[in-house]
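Residue strings, one per chain:
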Amino acid sequence: MRQQRRQRMEAPRAAVVAPLSSPFSPSTSDPSPFSPADSPYIYIDGGRAHSLHPRGKEVITSLSSWAQKDLLKMLKPVDKCWQPQDLLPDSTSPDFYDQVRALRAAASELPNDYLVVLVGDMITEEALPSYMGMLNRLDGCSDESGASSTPWATWTRAWTAEENRHGDLLNKYLYLTGKVDMRAVEVTIQNLISQGLDPRLENNPYMCFVYTSFQERATKISHANTARLSSLYGDNVLTKVCGLIAADEGRHEIAYTNIVEQLFDRDPEGAVLAFADMMRKGIVMPAHYMEDNWHGSADANPGQKLFVDYATVADACGVYTTGDYADIVQHLVQRWDVPNRRFSGGPAAEAQDYLCKHSERIRRLSDLQMERRLRERKRGKAKAAHFSWVFKREVSLL
């Protein structure tokens, strides 16, 4: 834990608006809260791996019956789930082209900054193979065969299947609007899946389920805000699309926060240390490796990062902001009753104190960012980037 305290205060901001500049490389001289002091450390590509302590392994094993009974019921039967085709023009219908024209007319008022955010959200959803791989690398709850009948494996596959509809739907919708450069979008998706994802979870389910709890709430907020904005722009189809996706994310959020609640009830010290560890690292957004092979080039936005600019536009539009990050931290602290947990002292009590104050630290950062943005707007300062996704048009970053 001590080496993670050295992470800069800007970590939450970096998680929201910037990719990691270097891999996480903790000092081997510091004790780990997840492994006994005399255990060997395992490092892969500079990052610690397989850090789950023996007590944690016992807890994960003990959760199997709970997962079978209470986790799997958070999934919806396939025949009760909406499918992308339910919300899109029917290609078998005689009036298919009329339906497409109506969809395009409804989307005609969507501005470029909104489209950049919507495309970025869709690309994030399309990188699902990386997320499934993340879950299947967890110690104690992976899918060993690829078709295992354990509740953890069943959850991972079914959750992935439900999530798969989100990218499919947004991808097809954006294609039909004709308002984005689909080849540039597809290049970005392929690059992102090829690059993978490194949220620094250490193959540790405690850390992972904190991460997924945070991410599901973040994506729920993002999709809910794109639904709200599309309604203002007069696109009722897109409003329904984003609203349904947000509802799925909300149900998945409940499932993952319920898992962490069980960890707190069965191993409060391990859970609070994992929660604080992830907050100190900063939650890395899933798409932080996105690249379109053009954005930072000399002909486009020299030296700029696509993910940083996309996330900045999302913040400026009010779709997902640093303030939202702070709100999520506060929500999870309250959801898991962190302030009222009793610890005898030591690292767990320190972690508890850190977590109870963390959202206010981020909120102060959010306020400073907003003040700076307002000053720059008032001064008429221009700051923009060109995005290949919207045919290389310029989009304001303020």
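Preceding block: the structure.
In short, a report on the structure. (Residues numbered from 1 in each chain as written. Predicted model: local features only at pLDDT ≥ 70, side-chain atom pairs only at ≥ 80, totals over all residues. Heavy atoms only, no water.)

1. As for the pattern of salt bridges
- Under the defined criterion, the tally for this structure stands at 20 salt bridges.
- Asp353 serves as the salt-bridge partner of Lys357, at 3.4 Å between the closest nitrogen and oxygen. Note that Lys357 and Asp353 are positioned in helix α15 (residues 346–378) at a spacing of four residues, about one turn of the helix.
- Taking the relative accessible area as the measure of exposure, Lys357 reaches 44% and is therefore partly exposed. (Salt bridge = Lys/Arg side-chain N within 4 Å of Asp/Glu carboxyl O. Helix = DSSP H or I, 4+ residues; strand = E, 2+ residues; numbered from the N terminus. Buried < 20%, exposed > 50% of the residue type's maximum accessible area, 1.4 Å probe, protein only.)

2. Details of the environment of Ser145
- Looking at the element boundaries, Ser145 is found in the loop between α7 (128–136) and α8 (151–177).
- Take Ser145: its relative accessible area is 58%, and that puts it in the exposed class.
- Among the polar contacts made by the side chain of Ser145, one reaches the main-chain amide nitrogen of Ala147 at a distance of 3.1 Å. (Polar contact = N/O pair within 3.5 Å; in protein donor to acceptor, adjacent residues only side chain to side chain.)

3. Focus on the pairing of strand β4 (residues 393–396)
- Taken together, the four bridges between strand β3 (residues 384–387) and β4 define a ladder with antiparallel strand orientation. Residue pairing across strands places His386 opposite Glu394, the latter belonging to β4.
- The turn joining β3 and β4, which pair antiparallel and follow one another in sequence, is formed by five residues; a positive phi near 60° is taken by Phe391. (Pairing = 2+ DSSP bridges.)

4. Structural notes on the packing of helix α6 (residues 112–126) against helix α10 (residues 205–232)
- Closest axis-to-axis distance for the α6/α10 pair is 11 Å, and the angle between their directions is 145°. Between α6 and α10 lies a crossing whose hand is left-handed. For the pair α6 and α10, the contacting residues are Tyr114, Val117, Asp121 and Glu125 in the first and Ser222, His223, Thr226, Leu229 and Ser230 in the second.
- A per-class count over the contact of α6 with α10 returns three nonpolar, four polar and two charged. (Axes fitted to C-alpha atoms, helices over the stretch in contact; angles between N-to-C directions. Left-handed = near helix turned anticlockwise from the far one by under 90°. Contact = heavy atoms within 4.5 Å. Nonpolar A, V, L, I, M, F, W, Y, C, P; charged D, E, K, R; others polar.)

5. So, the packing of aromatic side chains
- Enumeration over the complete set of coordinates arrives at 12 aromatic pairs.
- Where Trp152 meets Phe209, the ring centres are 5.7 Å apart and the plane angle is 20°; that geometry is what we call stacked. Separated by 57 residues along the polypeptide, Trp152 in helix α8 and Phe209 in helix α10 bring together distant segments of the chain.
- In textbook terms, an aromatic cluster arises when at least three aromatic residues are bridged by ring pairs, as seen for Trp152, Trp155, Trp159, Phe209 and Tyr256.
- Arg165 extends its terminal NZ or CZ atom over the ring of Trp82, reaching a point 4.2 Å from the ring centre.
- In this structure, Arg280 packs its charged tip against the face of Tyr354, placed 4.2 Å from the ring centre. (Phe/Tyr/Trp six-rings, centres within 6.5 Å; stacked < 30°, edge-to-face > 60°. Lys NZ or Arg CZ within 6 Å of the ring centre and 35° of its normal.)

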